[in-house]
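Tertiary structure, described
Listed below, chain by chain, are the residues.
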Amino acid sequence: MKHASCDIGIIGLGTMGANLALNIAEQGFSVAGFDTDNDKLRLLNGQAERELSGSYQLSTASDLGDFISLLKPPRTVLLLVPVGAPVDAVIDQLRPHLEPDDIIIDSGNSHFTDTERRAKKLARSRIRLLGMGISGGSEGARHGPSMMVGGPQASWEHVSKLLRAASAKVDGSPCVAWLGRGSAGHYVKMVHNGIEYGIMQLIAETYDAMKRLLHLSHEQMHEIFQRWADGAMGGYLLEITAAIMLEQDALSSGYLLDKIRDAARQKGTGMWTSREAMESQVPTPVIDAAVSMRALSDYDQQRRQVSEILNQPERHIELETAPFVHALGEALHAAMIMTYAQGMQLLYIGSRRHKFQLVMGDVARIWRGGCIIRARLLEDLRQIYDDPNYVTLDNPMFHPSLAKHLRTAQTELREVVETCAKQGVPAPGFMSALSYYDAFRSASLPANLIQAQRDFFGAHTFERIDRDGRFHIDWLNSEQAQHG
Ligand code: 6PG
């Protein structure tokens, strides 16, 4: 490839980086790939020969200087390296090779505060940083991911044509957008992952209920999940769940799922979402429950010991399969709506807190395709936010159409929660969703008592409903306290 002729350079040619390089080259852009591992370069070149038809422009280099010299100024370097210290290390190595107005795109799941820090540091050398969340796994990277971009708008404009071409499309509309300044892209990707945790937990609870309460076979569960995936609540996570149900174990007989250890792993993005929600005072109880359950699942040794000590309820309810499957489907749909709603409310409030000025309709639009949480509901959310009457709706569950859905489905949600509670099947996702629904529709909550308790033990004062200001009484010596 000629000197300084490549549109983009990609650092990190693992599966994601290599697939993204192939995807971009396939769209007619010239790509340079860098990795210190020569095997990865060979693999990528072989894959390109096999998979890319016609003429394509893809060069690889294992020397950073050679790699940089392949890039057209202003240079665009996309990083697909492990999060944390490796991103800082690569940026430090890159900086001496870059010039003002060159662009670094960090495409890992970096924490948004790291992106802010790195952008400020790079700005001193007038190097621009775009923080880009990318979702869709390795398949998405190869055939069209959803990409959430934040950072300087002029830098986005420089790369937007290329990213639009490489992204997933829904009805011809690319699943990529510039979402705002600074770390807006990584912030949105973090919340995407929080929603991902919530939906995965809800689907897992549904599977558990089908298995433990209805004793359904893998074929039956496959059929049910597939039907739901094809219906109104359908989405990628339901589709893969249906497929997982039928996967046979290649190492021994039976289904693979039954051989997988029941301790979920995590890289932490769900926890970041919960932490950010707590700091922003936004209730995200389904996501929080999902994060806690991943942690609890890892105590598997202890769980097996405790299962001998703590008993389960004596009562056993005979359930009819078809009606309970129906209830599970309605409950799952309602709880999923509330999980997206919790994420959307966090985005809405987080956007004000961090001054991103997110356009909520854009977020819903680019989540419709390519990403892990893509689902039919995202099109409903896009339509809600694109309606001028609802652009400032902070929580989409208050929109008349979704509120109506939840009003109806609460019956089944209650039935599922009640049955799981009585039968001793843990369902914290469903239970959190129901409490969220009940709390939001409660004109009065017992927080008056919490105010009183805080004032009692810590003189933290309380507000009154009948007059302005903050009040404090000496609870031990007051008339009210004495008379109980
Ligand atoms: C995506 C995924 C992706 C990755 C998660 C897994 O959108 O493509 O979210 O980013 O699979 O990081 O996260 P955990 O390891 O925390 O489950």
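Structure: above.
A few points on the structure. Everything numeric in this text was worked out from a predicted model, so none of it was measured.

Section: the overall build of the chain
- Secondary structure summary: the chain contains 20 helices and twelve strands in total.
- Computed over the C-alpha atoms, the radius of gyration of the chain is 26 Å, within 12% of the 23 Å expected from 2.2 N^0.38 for a compact globule of 484 residues.
- When its C-alpha atoms are laid out on the principal axes, the chain stretches across 85 × 65 × 45 Å.
- Accessible surface for the chain amounts to roughly 23,200 Å². Of this, 53% is attributable to carbon and sulfur atoms.
- Averaging the positions of the 49 positive and the 57 negative side-chain charges in the chain gives two centres separated by 5 Å.

Overview of the site of the ligand
- Around the ligand, a shell composed of 15 residues is seen, among which Ser-135, Glu-196, Tyr-197, Lys-267 and Arg-294 lie nearest.
- Interatomic distance of 2.5 Å between a side-chain N/O atom of Ser-135 and an oxygen atom of the ligand.
- Protein chains shield 80% of the accessible area of the ligand, which is 420 Å² for the free molecule.
- Among the elements that take part in the shell around the ligand, helix 8 (residues 184-212) stands out by supplying five residues, more than any other.

Some words on the sheet that holds strand 3 (residues 58-61)
- As summarised here, the arrangement of the eight strands in space is 3-2-1-4-5-6-7-10, forming an open sheet in which the pairing is mixed. Each edge of the open sheet carries a strand with a single partner, namely strand 3 and strand 10 (176-180). Taken pair by pair, the neighbouring strands of this sheet meet at an average axis angle of 25°, ignoring direction.
- Against the sheet, helix 5 (residues 112-123) contacts strand 5 (103-106) and strand 6 (128-135), and its axis sits at roughly 150° relative to strand 6.
- In the packing of helix 7 (residues 153-166) onto the sheet, contacts are made with strand 1 (8-11), strand 4 (76-79), strand 5, strand 6, strand 7 (146-150) and strand 10, and the angle to strand 10 comes to roughly 155°.

Notes on unusual backbone geometry
- Of the consecutive residues Pro-73 and Pro-74, the connecting peptide bond is found in the cis state with omega at -10°.
- Relative to the helices and strands, Pro-74 is located in the loop between helix 3 (64-69) and strand 4.
- Despite not being glycine, Gln-357 has its phi angle at roughly 55°, a positive value.
- Positionally, Gln-357 belongs in the loop between helix 14 (321-353) and helix 15 (360-366).

Comments concerning the side chain of Gln-342
- Counting through the fold element by element, Gln-342 comes out in helix 14.
- At 3.0 Å, the side chain of Gln-342 forms a polar contact with the backbone nitrogen of Val-286.

Brief notes about the nonpolar core
- Ranked by size, the top nonpolar core spans 86 residues in total, and within it Phe-225, Trp-228, Leu-347, Trp-367, Leu-381 and Phe-430 carry the most contacts.
- Broken down by element, this core gets its largest block of residues, 17 residues, from helix 14.
- Of the domains in this structure, domain 1 (8-182) and domain 2 (191-440) are the two that each give at least three residues to this core.
- The next biggest cluster of nonpolar side chains, apart from the first, holds 32 residues, and it includes Phe-29, Leu-41, Met-147 and Ala-166.

Comments concerning the pairing of strand 2 (residues 31-34)
- Of the two faces of strand 2, the one holding Val-31 and Gly-33 and the one holding Ala-32 and Phe-34 are both buried throughout.
- Direction of pairing for strand 1 relative to strand 2: parallel, over a ladder of four bridges. Its bridge partner being in strand 2, Ile-11 is matched across the sheet by Phe-34.
- Handedness of the β-α-β unit built from strand 1, helix 1 (residues 15-26) and strand 2 comes out right-handed.
- Two elements, strand 2 and strand 3, share four bridges in a ladder whose sense is parallel. Paired with Gly-33 across the two strands is Thr-60, which belongs to strand 3.
- You can see the chain leave strand 2, run along helix 2 (residues 38-51) and come back into strand 3, and the turn it takes is right-handed.

Structural notes on the state of the cysteines
- Going through the model one piece at a time under the given rule, you end up with zero disulfides.
- Residue Cys-175 stays outside any disulfide, its sulfur separated by 7.4 Å from that of Cys-371, the closest cysteine.

Focus on the packing of helix 8 against helix 9 (residues 218-230)
- Contact geometry for helix 8 and helix 9: axes closest at 11 Å, N-to-C directions at 145°. For the pair helix 8 and helix 9, the sense of crossing is right-handed. Touching Ile-203, Thr-206, Tyr-207, Met-210 and Lys-211 of helix 8 are Met-221, Ile-224, Phe-225 and Trp-228, all from helix 9.
- Looking at side-chain class alone, the contact of helix 8 with helix 9 contains seven nonpolar, one polar and one charged residues.

Comments concerning the layout of surface pockets
- Each pocket or cavity is described by its volume, and for the second largest pocket that value is around 360 Å³.
- Asn-448, Phe-462, Glu-463, Arg-464 and Ile-465 are the residues nearest the centre of the second largest pocket, which is lined by 13 residues in total.
- If you list the elements that add at least two residues to the lining of the second largest pocket, you get helix 19 (447-458) and strand 11 (462-463).
- Take the lining of the second largest pocket: its biggest share by element is three residues, from helix 19.
- Across the lining of the second largest pocket, the residue classes break down as six nonpolar, four polar and three charged.

Some details on the packing of aromatic side chains
- One pass over the full model with this rule turns up nine aromatic pairs.
- Relative to Trp-228, the ring of Phe-225 lies with its centre 5.7 Å away and its plane at 85°, an arrangement referred to as edge-to-face. Of this pair, Phe-225 and Trp-228 both sit in helix 9, three residues apart, which is roughly one turn of that helix. In terms of burial, Phe-225 and Trp-228 fall into one category: buried.
- Considering the side-chain rings of Phe-462 and Trp-475, the 6.1 Å spacing of their centres and the 55° angle between planes classify their relative orientation as tilted. Of the two residues, Phe-462 is situated in strand 11 and Trp-475 in the loop between strand 12 (470-471) and helix 20 (479-482); the sequence distance between them amounts to 13 residues.

The rules behind these values
- Residues numbered from 1 in each chain as written.
- Predicted model: local features only at pLDDT ≥ 70, side-chain atom pairs only at ≥ 80, totals over all residues.
- Heavy atoms only, no water.
- Helix = DSSP H or I, 4+ residues; strand = E, 2+ residues; numbered from the N terminus.
- Rg over C-alpha atoms; globule rule 2.2 N^0.38 Å.
- Areas by Shrake-Rupley, 256 points an atom, 1.4 Å probe, with all protein chains shown as cover.
- Lys, Arg positive; Asp, Glu negative; His and termini not counted.
- Charge placed at Lys NZ, Arg CZ, Asp CG, Glu CD.
- Near = heavy atom within 4 Å.
- Polar contact = N/O pair within 3.5 Å; in protein donor to acceptor, adjacent residues only side chain to side chain.
- Pairing = 2+ DSSP bridges.
- Axes fitted to C-alpha atoms, helices over the stretch in contact; angles between N-to-C directions.
- Contact = heavy atoms within 4.5 Å.
- Core = buried A, V, L, I, M, F, W, Y, C linked by side-chain atoms within 4.5 Å.
- Buried < 20%, exposed > 50% of the residue type's maximum accessible area, 1.4 Å probe, protein only.
- Domains from an automatic or database assignment.
- Right-handed = clockwise from strand over helix to strand, strands pointing away.
- Disulfide = S-S within 2.5 Å.
- Left-handed = near helix turned anticlockwise from the far one by under 90°.
- Nonpolar A, V, L, I, M, F, W, Y, C, P; charged D, E, K, R; others polar.
- 1 Å grid on protein atoms, 1.4 Å probe; cavity = no way out; pocket = protein on both sides within 12 Å on 5 of 7 lines; lining within 4 Å.
- Points joined across faces, edges and corners; volume = space filled by probe spheres on them.
- Phe/Tyr/Trp six-rings, centres within 6.5 Å; stacked < 30°, edge-to-face > 60°.

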